[in-house]
Amino acid sequence: MEKTLKNIHTVSSLTGEIKNLFEINFKYIKVKGEVSNLKKQQSGHVYFTLKDKMSAISVALFAGNARNTLTPKDGDEIIIEGEISLYAPRGSYQIIAKKISKTGAGDLLMKLHLLKEELQGKGYFDKDIKKPLPTFPKKIGVVTSGTGSVIKDIIHVLSRRYPNFQLVLNPVAVQGAGAEIEIARAIDDFNKHNLVDVMIVGRGGGSLEDLFCFNEKIVAEAIYRSKIPIISACGHETDFTIADFVADVRAPTPSAAAEIAVPDKKTIELNLAKLSTSITNCTLSKMKAFKLAMQKMAKNRCFESPYSMLSIFIQNVDNLVSGIDNGMQRLIRGKKQFVEEKKRSLQLFSPQNRIKRAREQMKAIADHLTSINPKNLLKKGYSLLFKEGTKEVITNTNQIQEGDSIEANLSCGSLAATITKIKDTK
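Remember, it's a predicted structure, so these values are computed and weren't measured experimentally.

### Details of the overall build of the protein
Counting its secondary structure elements, the protein contains 15 helices and 13 strands. Here the protein has a C-alpha radius of gyration of 66 Å; the compact-globule value for 426 residues is 22 Å, and the former is much larger. With the principal axes as the frame, the protein shows a C-alpha extent of 230 × 85 × 35 Å. Here the protein displays about 29,100 Å² of accessible surface, and carbon together with sulfur accounts for 57% of that area. If you average the places of the 63 positive and of the 45 negative side-chain charges in the protein, the two averages end up 11 Å apart.

### Details of the packing of helix α6 (residues 179–192) against helix α8 (residues 217–225)
Taken N-terminus to C-terminus, the directions of α6 and α8 make an angle of 10°; their axes are 8 Å apart at the nearest point. Judged by the angle between their axes, α6 and α8 are roughly parallel. Along its contact with α6, which presents E180, I181, I183, A184, I187 and D188, the element α8 presents I218, V219, A222, I223 and R225. The residue makeup of the contact of α6 with α8, split by class, is 8 nonpolar, no polar and 3 charged.

### Let's talk about the sheet that holds strand β4 (residues 77–87)
Pairing is mixed around the closed barrel formed by 5 strands, whose spatial order is β1-β2-β3-β5-β4. Between one strand axis and the next, the sheet turns by 50° as a mean value, whatever way the strands run.

### What about the packing of aromatic side chains?
Taken as a whole and judged by the stated rule, the model has 4 aromatic pairs. Ring geometry for Y47 and F62: centres 6.4 Å apart, planes at 85°, overall edge-to-face. Remark: F62 occurs in the loop between β3 (56–61) and α3 (63–66) and Y47 occurs in strand β2 (residues 46–51); sequence separation between them is 15 residues. With relative accessibility at 32%, the residue Y47 sits in the partly exposed group. F62 gets classed as partly exposed once you look at its relative accessible area, which sits at 30%. Seen in terms of ring centroids, F125 and F245 are 5.5 Å apart; in terms of plane orientation they differ by 40°. Their pairing is tilted. You can see F125 sitting in the loop between α4 (105–121) and β6 (139–144) and its partner F245 sitting in helix α9 (residues 242–246), a full 120 residues away along the chain. Linked through ring pairs, F125, F240 and F245 together constitute an aromatic cluster.

### A short note on the pairing of strand β1 (residues 29–40)
The side chains of a regular strand alternate, first on one face of the sheet and then on the other. Bridging between β1 and β4 involves 6 bridges; their strand directions are antiparallel. Paired with V31 across the bridge in β4 is I80. The pairing of β1 with β2 spans 5 bridges and is classified as antiparallel. Bridged to S36 within β2 is T49.

### A look at the side chain of Q94
Structurally, Q94 can be placed in strand β5 (residues 92–102). A relative accessible area of 11% means that Q94 is categorised as buried. Discounting chain neighbours no more than four positions away, the residues touching Q94 are I57, S58, A60, E83, I84, S85 and Y87.

### Brief notes about the environment of A63
Relative to the helices and strands, A63 is located in helix α3. When the C-alpha positions of A63 and I230 are compared, they lie 36 Å apart, and in sequence the two are 167 residues distant. Setting aside residues no more than four positions away along its own chain, A63 makes contact with S43, G44 and H45.

### Some words on the pattern of salt bridges
In total, this model carries 8 salt bridges according to the counting rule given. In this structure, the salt-bridge partner of E259 is R160, at a minimum N-O distance of 3.3 Å. Linking E259 in helix α10 (residues 254–261) with R160 in helix α5 (residues 149–161), this pair joins segments that are 99 residues apart in sequence. Residues participating in the shared-partner salt-bridge network are E118, K122 and K217.

### Some points on the sheet that holds strand β12 (residues 405–409)
Taken together, 3 strands build an open sheet; the order of strands is β11-β12-β13 and the sheet is antiparallel. Looking at which strands have only one partner, the edges of the open sheet turn out to be β11 (384–387) and β13 (414–418). Taking each pair of neighbouring strands and ignoring which way they run, the sheet shows an average axis angle of 25°. Looking at chain direction, β11 and β12 are connected through 4 bridges and run antiparallel. Within β12, the position partnered with K387 by the bridge is I406.

### Quick look at the nonpolar core
Here is a general trend for soluble globular proteins: nonpolar side chains tend to be buried in one another's company. Counting 31 residues, the largest nonpolar core has V143, I183 and I187 as the members making the most contacts within it. Elements with a contribution of two residues or more to this core: α4, α6, β8 (198–203), α8, β9 (230–234) and α9. Broken down by element, this core gets its largest block of residues, 6 residues, from α6. Non-local contacts of I183, meaning those with residues more than four positions away in its chain, are made with V143, V172, A173, V201, C213, F214 and V219.

### Some remarks on the state of the cysteines
Inspection of every chain in the model, using the stated rule, returns 0 disulfides. We note that C213 lacks a disulfide partner, and the nearest cysteine sulfur, in C234, lies 7.6 Å from it.

Conventions we followed
- Residues numbered from 1 in each chain as written.
- Predicted model: local features only at pLDDT ≥ 70, side-chain atom pairs only at ≥ 80, totals over all residues.
- Heavy atoms only, no water.
- Helix = DSSP H or I, 4+ residues; strand = E, 2+ residues; numbered from the N terminus.
- Rg over C-alpha atoms; globule rule 2.2 N^0.38 Å.
- Areas by Shrake-Rupley, 256 points an atom, 1.4 Å probe, with all protein chains shown as cover.
- Lys, Arg positive; Asp, Glu negative; His and termini not counted.
- Charge placed at Lys NZ, Arg CZ, Asp CG, Glu CD.
- Axes fitted to C-alpha atoms, helices over the stretch in contact; angles between N-to-C directions.
- Parallel < 35°, antiparallel > 145°, perpendicular 65-115°, else oblique.
- Contact = heavy atoms within 4.5 Å.
- Nonpolar A, V, L, I, M, F, W, Y, C, P; charged D, E, K, R; others polar.
- Pairing = 2+ DSSP bridges.
- Phe/Tyr/Trp six-rings, centres within 6.5 Å; stacked < 30°, edge-to-face > 60°.
- Buried < 20%, exposed > 50% of the residue type's maximum accessible area, 1.4 Å probe, protein only.
- Salt bridge = Lys/Arg side-chain N within 4 Å of Asp/Glu carboxyl O.
- Core = buried A, V, L, I, M, F, W, Y, C linked by side-chain atoms within 4.5 Å.
- Disulfide = S-S within 2.5 Å.

It is worth stressing that arrangement in space is one thing and function is another; only the former is reported here.
Rendered as structure tokens:
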């Protein structure tokens, strides 16, 4: 009876032994299943059931671990990394979760890696194609969910930094099937209608699956072809997406994107005030320096007695003027003389004078010809003798003989005669 009693366990001892067995043999495990009955406590702890088609097991995700891993929701297919523990008050075993990831995350990471390599090879990430952000944008476009904290945070930051801003929201789904199509279409619409000066594209934090619509090629291509500068703000500071690499600027959070998009008006006003003061002081200083310089120049000898310095130049100018006048007078006289000579030459060789002189010469020649005209000599009693039949003028007795017939031309008519006697005049 005593031996039998010694082998009897208390509930606590049995539970303790089972707990030791669990914790020794299942110190690190990976379990796959579907989440159900999830409850979040104000303490930050999360409790839920992990099940498959045949069985179920309780899971505890304590606040310390929950801050560093994915927090699932009902219906999620997940993989838990952790250890088996026995919860003594209820005598039930459970999984103490250390790390949680959604199933298929490895495939998504591989897809992300391949797309990143493809786009990088095409130059989508090149720094030299990044567009600069406008310094003072008039309109800011936002592509994100129409509800939730992201748009509220952006509006809050813009209101604080740049009160006169204009915001155009194009609400889209930021996770789930078809979200990437809505995001790409919203970016294209902003560009098609040229609605804004700068664009913020993003959402709040989440798992790889939640953010994966920003890792889709269609979104990357829409950002790449956008003519409007884009600030990408997807997730938390540690989250990186394809959209971050393609965008012109990457912001760690949506609030940071709003700060990057616009300047701080108060800072601008302060800088302008400082600049205005600096310009005023600089202007006054320059004016003072110019005034002193003018006063110094006014005391210069050239202003007190300008003719004492300018006299030599004035005299030189007068001498030059006199020399120019004399030279011009000589030149004019020479030109006048030249013109007079040309006028005389023109008069001498003018057509009228040349005709007059030609007429005088012709008259003289005519008078001379008249004086030597044989007919005029015949009128004075002279005659011309010709041998009959030959018309040879007889000027010497040697040309004829006695008995020759001759002809004598008179001033009026002619005579025929026969030579009867020749007298020698020698």
